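So you can see what is in the structure, the chains are spelled out below.
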Amino acid sequence: MPRSRPRLSLLTLDSTPESVSGARRHTAQVLHCWHARVELSDAARLVVSELATNAVRACGGPHGFTLSLVLDRDRLLVQVGDQDPQPPRPRAAGPDATGGRGLHLVDTLSSRWGYYRTAPDGKVVWAELPAAAPEPGAPPHPVLVDARQPCLPASPPPAPAPAPAPSAPTPAARRSARQGRVQ
């Protein structure tokens, strides 16, 4: 069976708390357009929310963060990049704590996760989520997604060919028409 190309979405966001909800919305819209399972979309939104929140906390200010989603037959790869070189560290959270569970949640929802450094001073935190076959009715080919309009193709369909211009009557046809004859 031929293997289809992975689907890819890239988005850059400001490092503001509002951007976290934008990253979640973008993830939901993209996975909907890709006909991903609802369970995968739900898990991905939680993972994106946690990783984006960590990126905003690490790099509040003028630096933004990037969100990358890559879906193939077997997995969804979620990557969030920021300008903080410090590695992500899971924290111990007590039963009454209001935070500190994000990376534990990422670990629970993903098949594996980690990070790598980027030049000059940054990192990308990634998580893989298992993905089953697309739901019935999914298109057989990759769908390119434009981050500005997540449910629209990245390029417009080709324009229809213009209709041929009517040909001008010949001088002989014009004379015949004036004389009332049909050619």
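Keep in mind the model is a prediction, meaning the values are calculated, not measured.

(A) Quick peek at the overall build of the protein chain. Across its full length, the protein chain carries 4 helices and 5 strands. Residues classed as buried in the protein chain amount to 34% of the 183 residues present.

(B) Spatial organisation of helix α1 (residues 17-33). Taking 1.5 Å of rise per residue, 17 residues should cover 24 Å, and α1 covers 25 Å from first to last C-alpha, within 8% of that figure. Among all positions of α1, only S19, V20, G22, A23, H26, T27, V30, L31 and C33 are buried. Looking straight down α1, one finds that the buried residues subtend no more than 160° of arc, so they occupy a single side. Structural note: α1 exposes P17, E18, R25 and H32 on the side pointing more than 90 degrees away from its buried face. Of the residues trailing α1, H35 is marked for its positive phi of about 60°.

(C) Broad picture of unusual backbone geometry. In the segment running from A119 into P120, the intervening peptide bond is cis, with an omega of -5°. Among the structural elements, P120 can be located in the loop between β4 (112-118) and β5 (122-130). Here H35, not a glycine, exhibits a phi torsion of approximately 60°, which is positive. Mapped onto the elements of the fold, H35 is located in the loop between α1 and α2 (38-58). A residue is classified by how much of its surface remains accessible, and H35, at 30% relative accessible area, is partly exposed.

(D) Highlighting the pairing of β4. As paired strands, β4 and β5 are joined by 7 bridges and run antiparallel to one another. In the strand pairing of β5, Y115 is matched with V125.

(E) Broad picture of helix α3 (residues 102-109). Here α3 has its buried residues at G102, L103 and V106. Taken end-on, α3 shows its buried residues confined to a sector of 95°, consistent with a single buried face.

Calculation notes
- Sequence order as written defines the numbering, with residues in each chain counted from 1.
- Where totals are concerned, whole chains, interfaces and linings use all residues; where local detail is concerned, this predicted model gives features only for residues with pLDDT of at least 70, and gives and counts side-chain atom pairs only at 80 or more.
- Calculated side-chain values reflect all of the structure's heavy atoms, with hydrogen atoms and water omitted.
- The helix count covers DSSP runs of H or I at least four residues long, the strand count covers runs of E at least two residues long, and both are numbered beginning at the N terminus.
- Think of it in three bands: with a 1.4 Å probe and only protein chains considered, a residue is buried below 20% of the maximum accessible area for its type, exposed above 50%, and partly exposed in between.
- Each helix should span, by expectation, one fewer than its residue count multiplied by 1.5 Å.
- Picture the helix axis, draw a direction to every C-beta atom, and the arc is the one those directions span.
- For two strands to pair, DSSP has to find at least two bridges joining them.

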